[in-house]
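# Residue-level structural notes
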Amino acid sequence: MQKSAMPKPSVDHLMDTPLPVLINELGVTVFDSDITDREFFGAVVERKTGELILSMPRGRSQLEHDTVARYLLAHAFGVDVAPMPAPLVTSRGDDEDGDSSQADEALRRVRGEAV
């Protein structure tokens, strides 16, 4: 399922729907990341096809996993939510010229594949 085909969820729906139901509704692929850096809280990558891939680190609390997943999905769908408190920082890897090679490289890194 492609992100572009999905309607933008409301803030209430994004925050109140059980996370497994939300992920299924939005057609997001989720997997556990092997990244062990304590400063890595998760990543969302949009493929050329529009598919969203959400990568979350293993071993985090359910609260942290749920909160960060919803926050990343909000950004991916352009839902206006309050920023996360410091020291959490969100960065984007948008490629100015429309080439998605940076997104593909980020996805390989998140998956732990050779670059």
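Everything below is about the structure shown above.
Note that this is a predicted model, so its numbers are computed, not measured. Counting of residues starts from 1 at the beginning of each chain's written sequence and follows it residue by residue. Where local features are concerned, this predicted model is filtered to residues with pLDDT of at least 70; where side-chain atom pairs are given and counted, the filter is 80 or more; whole-chain, interface and lining totals use all residues. Computation of side-chain values covers all heavy atoms of the structure but excludes hydrogens and water.

### Some details on the overall build of the chain
Where we set the bar: A helix here means a DSSP run of H or I that spans at least four residues, while a strand means a run of E at least two residues long, and both kinds are numbered starting from the N terminus. Partly exposed residues are those whose accessible area sits between 20% and 50% of the maximum for their type, while under 20% is buried and over 50% is exposed, using a 1.4 Å probe and protein chains only. The contact criterion used throughout is that any non-hydrogen atoms of two residues lie within 4.5 Å. Note that accessible areas follow from Shrake-Rupley with a 1.4 Å probe, and for residues the cover is restricted to the protein chains shown.
Within the chain, the secondary structure is distributed over 4 helices and 3 strands. When each of the 115 residues of the chain is scored for burial, the buried share is 35%. Sequence separation of 24 or more characterises 56% of the internal contacts of the chain that already satisfy a separation of 6 or more. Working note: accessible area of the chain is about 7,300 Å², and carbon and sulfur atoms make up 51% of it.

### Comments concerning helix H3 (residues 62-76)
The condition that has to hold: Expected span of a helix: the number of residues minus one, times 1.5 Å.
Taking 1.5 Å per residue as the helical rise, H3 with its 15 residues ought to reach 21 Å, and the 21 Å between its terminal C-alpha atoms agrees with that figure. Those residues of H3 not exposed but buried are Val68, Ala69, Arg70, Tyr71, Leu72, Leu73, Ala74 and Ala76. Its buried side turned inward, H3 meets helix H1 (11-16), helix H2 (19-26), strand E2 (43-46) and strand E3 (52-57). Trailing H3 by a residue or two, Gly78 shows a phi angle of about 70 degrees, which is positive.

### Description of the packing of aromatic side chains
For the record, the criterion: Any pair of Phe, Tyr and Trp rings, taking the six-membered ring for Trp, is counted once the centres come within 6.5 Å. Such a pair is stacked with planes under 30 degrees apart, edge-to-face with planes over 60 apart, and tilted for the rest. We call a charge positioned over a ring when the NZ of a Lys or the CZ of an Arg lies within 6 Å of the ring centre and within 35 degrees of the ring normal.
As enumerated under the stated definition, the model contains 0 aromatic pairs in all. The ring centre of Phe41 lies 5.0 Å from the NZ or CZ of Arg60, which sits over that ring.

### Details of the pattern of salt bridges
In plain terms, the rule: Should a side-chain nitrogen of Lys or Arg be within 4 Å of a carboxyl oxygen of Asp or Glu, the pair is scored as a salt bridge.
Taken as a whole and assessed by the stated rule, the structure comprises 4 salt bridges. Note that Arg58 is salt-bridged to Asp32, the shortest N-O span being 3.9 Å. Note that Arg58 is positioned in the loop between E3 and H3 and Asp32 in strand E1 (residues 29-33), a separation of 26 residues in sequence. You can call Arg58 exposed: its relative accessible area is 52%. Residue class for Asp32 comes out partly exposed when judged on its relative accessible area of 44%. Notably, a salt bridge pairs Asp66 with Arg70, separated by 2.7 Å at the nearest N-O pair. Note that Asp66 and Arg70 are positioned in helix H3 at a spacing of 4 residues, about one turn of the helix. Residue classification places Asp66 among the partly exposed positions, given a relative accessible area of 24%. A single salt-bridge network, built from bridges that share partners, covers Asp32, Asp34 and Arg58.

### Concerning the sheet that holds E1
Put simply, the rule is: Strand pairing requires that DSSP identify at least two bridges connecting the strands. What counts as an axis is a line fitted to C-alpha atoms, over the stretch in contact for a helix, and the angles between N-to-C directions run from 0 to 180 degrees.
Read from one edge to the other, the open sheet built from 3 strands follows the order E1-E3-E2, with strand pairing classed as mixed. On the outer flanks of this sheet lie E1 and E2, each paired with one strand and no other. Neighbour-to-neighbour, the strand axes of this sheet turn through a mean angle of 25 degrees, independent of strand direction. Relative to E3, E1 runs parallel, the two sharing 5 bridges. Within E3, the residue paired with Phe31 across the bridge is Ser55. Sitting on the sheet, H3 touches E2 and E3, and the angle it makes with E3 is about 155 degrees.

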